[in-house]
Amino acid sequence: MTALASYDDRALGVLREANWPDVSEQDFKTAVGSFPTGVVIVTGEDEDGPFGLTIQSFMSLSMVPRLVLISVARTSATLPRIQRAGRFCVNLLDDTHSELALHFAKSARGVNKFDGINYSRKGTDGSPVFPGSLGWIECSVLRTHLEGDHVLLVGAVKEAAVSEEPTVRPLIFWRSSFVSVDP
Ligand SMILES: Cc1cc2nc3c(=O)[nH]c(=O)nc-3n(C[C@H](O)[C@H](O)[C@H](O)COP(=O)(O)O)c2cc1C
C-alpha cells in the first residue's frame, strides 16, 4: 500500500488543491532542513531487549494533559517495537552526542544497536537513558496517527527529568549538519 492510498476522497482533494507533488522533494527537504531542531533518541524495551532510534521530529504537544508528539517513518524497524511496547522514552541529546545520534540513525534490522553502548535505566519503566543526556521524558503511547509516509505517536508523559550539570549544551541539527550553541 502506498502512503497516498490511506487518504480518503476529501484528503486527496486537499492534496490536489495543494498541487501535490509540485513542490520538488529537493525544495521541500531544503526548506524544512533550514529549520533548526534539537535531536533526540527515542528508546524503549520489549521482549527482545532495548530499542532506540534517532529523530528530530519531537515536540511538546499539550500542557493539560502533558503530551508530546514524535513522528516516525513507516519504514522504521523500531516503530513496530514502540507500538508493541506501548511506551517510549525521549532522550534529549547533548552536543557531545553526535556520534551516538548517528549510531542510532542506523537501521535496527539484524543488529542490536545497544551492543557496546553505555546506558542506565530510569523512570517507572526502567527506560534506557544515555549518560550526559540533557534530560529524558518517559511516555505511554496515547494514540497513533498514520499521516503520509510517517506515523505520529502521541505520548502521555509519565516522568520527566533534566540534567543538573551546568555545562550541558543541546545538540542541534540544521541544514544536514550537527551544530552546537553557546548560550
Ligand atoms: C539528525 C537526524 C534526525 C532524524 N529524524 C528522524 C525523524 O524525525 N523521524 C524518523 O523516522 N527518522 C529520523 N531519522 C532517521 C532515522 O534515525 C533512521 O531512519 C534510522 O535508521 C531508523 O532506525 P530504525 O529503522 O531502526 O527504526 C533521523 C536521523 C538523523 C541523523
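Conventions we followed
Residues numbered from 1 in each chain as written. Predicted model: local features only at pLDDT ≥ 70, side-chain atom pairs only at ≥ 80, totals over all residues. Pairing = 2+ DSSP bridges. Helix = DSSP H or I, 4+ residues; strand = E, 2+ residues; numbered from the N terminus. Axes fitted to C-alpha atoms, helices over the stretch in contact; angles between N-to-C directions. Core = buried A, V, L, I, M, F, W, Y, C linked by C-beta atoms within 7 Å. Buried ≥ 20, exposed ≤ 12 C-beta atoms within 10 Å, placed from the backbone. Contact = placed C-beta atoms within 7 Å. Domains from an automatic or database assignment. Near = placed C-beta within 6 Å. Nonpolar A, V, L, I, M, F, W, Y, C, P; charged D, E, K, R; others polar.

1. Here's the deal with the sheet that holds strand 2 (residues 40–46)
Next up, step 1: In space, the 7 strands of this open sheet follow the order 3-2-6-9-10-5-4, with antiparallel pairing throughout. On the outer flanks of this sheet lie strand 3 (49–55) and strand 4 (58–62), each paired with one strand and no other. Across the sheet, the axes of successive neighbouring strands diverge by a mean angle of 35°, strand direction being ignored.
Next up, step 2: In the sheet, strand 5 (residues 67–73) pairs with strand 10 (residues 150–162) via 7 bridges, with the strands oriented antiparallel. Within the sheet, the bridge partner assigned to Leu69 lies in strand 10 and is Val154.

2. So, the nonpolar core
The nonpolar side chains of a soluble globular protein tend to be buried, and buried together.
Next up, step 1: Counting residues in hydrophobic clusters, the biggest one holds 26 residues, and the most contacted among them are Val40, Ile41, Val42 and Val90.
Next up, step 2: Of all elements in the fold, only strand 2, strand 3, strand 5, helix 3 (79–85), strand 6 (87–92), strand 9 (135–147) and strand 11 (171–174) reach the threshold of two or more residues within this core.
Next up, step 3: At 4 residues, strand 6 tops the list of elements feeding residues into this core.
Next up, step 4: In this structure Val90 touches Val40, Val42, Phe58, Val68, Trp136 and Ile137, once residues within four positions along its chain are discounted.

3. Concerning the domain arrangement of the protein
Next up, step 1: Under the domain assignment used here, the protein contains domain 1 (1–34) and domain 2 (36–174).
Next up, step 2: Centre-to-centre separation of domain 1 and domain 2, based on C-alpha positions: 27 Å.

4. Concerning the site of the ligand
Next up, step 1: Taken together, 18 residues sit near the ligand, with Ile55, Ser57, Ser76, Thr78 and Ala108 positioned nearest.
Next up, step 2: Mapped by element, the contributors of at least two residues to the shell around the ligand are strand 3 and strand 5.
Next up, step 3: Among the residues making up the shell around the ligand, the classes are represented as 10 nonpolar, 7 polar and 1 charged.

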